[in-house]
Amino acid sequence: MLTGAGISAESGVPTFRDAQTGLWARFRPEDLATPEAFQRDPRRVWDWYEWRRELVRQAEPNAGHAALVRLAGCVPRLTLVTQNVDSLHQRAGSVGVIEYHGNILRDRCAAEGLVASRAPLSITGLPECARCGERLRPDVVWFGEAIPRDALLAADAAAADCDVFLCVGTAATVHPAAGLAERAHGAGATLIELNVEATALTSFVDVVLRGRAGELLPLVLARIAG
Ligand code: BV8
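These lines cover the structure that appears in this document, whether it is placed above or below. Just so you know, these numbers come straight off a predicted model, no measurement behind them.

### Topic: unusual backbone geometry
- For the peptide bond that leads from histidine 175 to proline 176, omega is 5°, which places it in the cis range.
- For proline 176, the position within the fold is in the loop between β6 (164-168) and α8 (179-186).
- Phi angles above zero are rare outside glycine, and serine 87 is one such case at about 65°.
- Note on placement: serine 87 falls in the loop between β2 (81-82) and α6 (88-92).

### Concerning the pairing of strand β7 (residues 190-195)
- In terms of residue burial, β7 counts as a mostly covered element, since five of its six residues are buried.
- Relative to β7, β6 is paired through five bridges, and the arrangement is parallel. Bridge pairing links valine 164 to threonine 190 in β7.

### A look at the environment of arginine 70
- Topologically, arginine 70 is positioned in helix α5 (residues 63-72).
- Residues arginine 70 and alanine 172, 102 residues apart in the sequence, show an inter-C-alpha distance of 25 Å.
- In this view, arginine 70 contacts Leu221 and Ala225; residues no more than four positions away in its chain are not counted.

### Some remarks on the site of the ligand
- In the vicinity of the ligand, 35 residues are found, and the nearest of them are Tyr49, Arg52, Val141, Gly144 and Ala171.
- Within the side chain of tyrosine 49, one N or O atom sits 2.6 Å away from an oxygen atom of the ligand.
- Between the ligand and the protein, one listed contact pairs a nitrogen atom with a backbone N or O atom of alanine 213 at 2.9 Å.
- Burial of the ligand by the protein amounts to 75% of the accessible area it has alone, namely 1,500 Å².
- For the shell around the ligand, the elements supplying multiple residues, two or more each, are α1 (6-9) and α4 (42-58).

Reading the values: the criteria
- Residues numbered from 1 in each chain as written.
- Predicted model: local features only at pLDDT ≥ 70, side-chain atom pairs only at ≥ 80, totals over all residues.
- Heavy atoms only, no water.
- Helix = DSSP H or I, 4+ residues; strand = E, 2+ residues; numbered from the N terminus.
- Buried < 20%, exposed > 50% of the residue type's maximum accessible area, 1.4 Å probe, protein only.
- Pairing = 2+ DSSP bridges.
- Contact = heavy atoms within 4.5 Å.
- Near = heavy atom within 4 Å.
- Polar contact = N/O pair within 3.5 Å; in protein donor to acceptor, adjacent residues only side chain to side chain.
- Areas by Shrake-Rupley, 256 points an atom, 1.4 Å probe, with all protein chains shown as cover.

Shown next, in the form of structure tokens:
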């Protein structure tokens, strides 16, 4: 299964398209979540991520996240691939979560390419690597960057070998994540989409569950688990 920003919306984390509120209304995510934007104006990119990080830190998993934890106990195998970078699936209790786009709460050394902690003091005023002193960046996948290889291969293998592929709260506009549904469909899986509105996938899914994840997923579990 694949989740997107919509499953975290009821936890108070703005969806990626809605993240542009207030201070950030004048920016498009695609203009901030890129290596070029970070190269051009690292402080603006860091300000945007610190603002989102604070929203994520204050958020709690919702009934939709909790329902997916229960779902894992009701089926022979469940692979949860998330485009979200907020750790809410893990905080709800999901295990083996494939973080397709990384995690906003981790820093990565821009020089070493490894997860890093921050040097206590920074010469530039921006976060620096405690190991090598080079600039840190959020440990997320930006537009134009490759999906981490392990995540890419594990998600593709799961999509190619499943009976049911459930898409929850994603507009299915970001690739290659959105392609996972097509991959599953091509392999003969039954496609189910849960979303408050139609998406790029709706025309070829087998089942549409129209509504909010925090409301519908517990109902689905009640039907499955009794
Ligand atoms: C790459 C981390 C190549 C950062 C993110 C075709 C093939 C391959 C690539 C491309 C392609 N076409 C275009 C591309 C390039 C690009 C792309 O997809 N662009 C888009 C804009 C067209 N893709 C890339 O650049 C990817 N990399 O292709 O690399 C490569 C290969 C080798 C070597 C070098 C390079 C990387 C993409 C990753 C970008 N990073 N996140 C960060 O978060 O800051 S993506 C970001 O967008 C988030 O992860 C977020 O999840 C995602 C947006 O998607 P959604 O999750 O769907 O969120 P959205 O807000 O759009 O929609 C929310 C949905 O929820 C809505 O449908 C709404 O109705 C619904 N909803 C709302 N409330 C609820 C709800 N549903 C249920 N219940 C509710 N309560």
